[in-house]
Amino acid sequence: MDEVKTRPAGVIAVAVLMALSGVLTVLSSIPAVTGAALPPWAIALDVAVGIAMFAVAWGLVTLRAWAWVVTLGVQAVNALFAIIAVASAPTAWPTWLAIAIAAVVIFYLTRPNVRLAFGVGMRPA
């Protein structure tokens, strides 16, 4: 039996954030943008991560359970690194913003209706 899933409104916003993260990751590997020459392996890694972020954004839009899991993991890691950064530079507002965004995304994705849309944590019938 094929169920029709309805996409909660905020999923698009989270997907856009993940896609934007992918764009910024790819841009961070371009020497003309960063002003630093990176080794080829670092450029390849940045491009691969950027492409992966686009795949996750697509997975979110299409309500794939793996994209839900990956997004939670990415946001948890982002929050952890931002918390570490705040410990060393408490007045750096971008790190506080990163913590807030990660917290909001994690909170939103763990709401029961959003979990249900992704088919995560459903009780067996």
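None of the values given here were measured: they were computed from a predicted structure.

A. A look at the packing of aromatic side chains. A full pass over the atoms with the stated rule returns zero aromatic pairs. Positioned above the aromatic ring of Phe107, the side-chain terminus of Arg111 is 3.9 Å from the ring centre.

B. The arrangement of the UniProt feature "transmembrane region" (unreviewed entry) in the protein in detail. Sites flagged by UniProt as "transmembrane region" (unreviewed entry) map to residues 12–32, 38–58, 65–87 and 93–110. Between the end C-alpha atoms of residues 38–58 the distance is 28 Å, and the span holds 90% helix and 0% strand.

C. Inspection of helix H5 (residues 93–109) at higher detail. Between its first and last C-alpha atoms H5 spans 24 Å; for 17 residues at 1.5 Å apiece the expected length is 24 Å, and the two agree. All buried positions along H5 are accounted for by Thr95, Ile99, Ala102, Val105 and Leu109. Looking straight down H5, one finds its buried side chains confined to an arc of 135°; they lie on one side. Opposite the buried face of H5, by more than 90 degrees, sit the exposed residues Trp93 and Val104.

About the cut-offs
- Residues numbered from 1 in each chain as written.
- Predicted model: local features only at pLDDT ≥ 70, side-chain atom pairs only at ≥ 80, totals over all residues.
- Heavy atoms only, no water.
- Phe/Tyr/Trp six-rings, centres within 6.5 Å; stacked < 30°, edge-to-face > 60°.
- Lys NZ or Arg CZ within 6 Å of the ring centre and 35° of its normal.
- UniProt positions renumbered as here; feature names shortened; annotations may be inferred.
- Helix = DSSP H or I, 4+ residues; strand = E, 2+ residues; numbered from the N terminus.
- Expected span 1.5 Å × (residues − 1).
- Buried < 20%, exposed > 50% of the residue type's maximum accessible area, 1.4 Å probe, protein only.
- Arc of directions from axis to C-beta.

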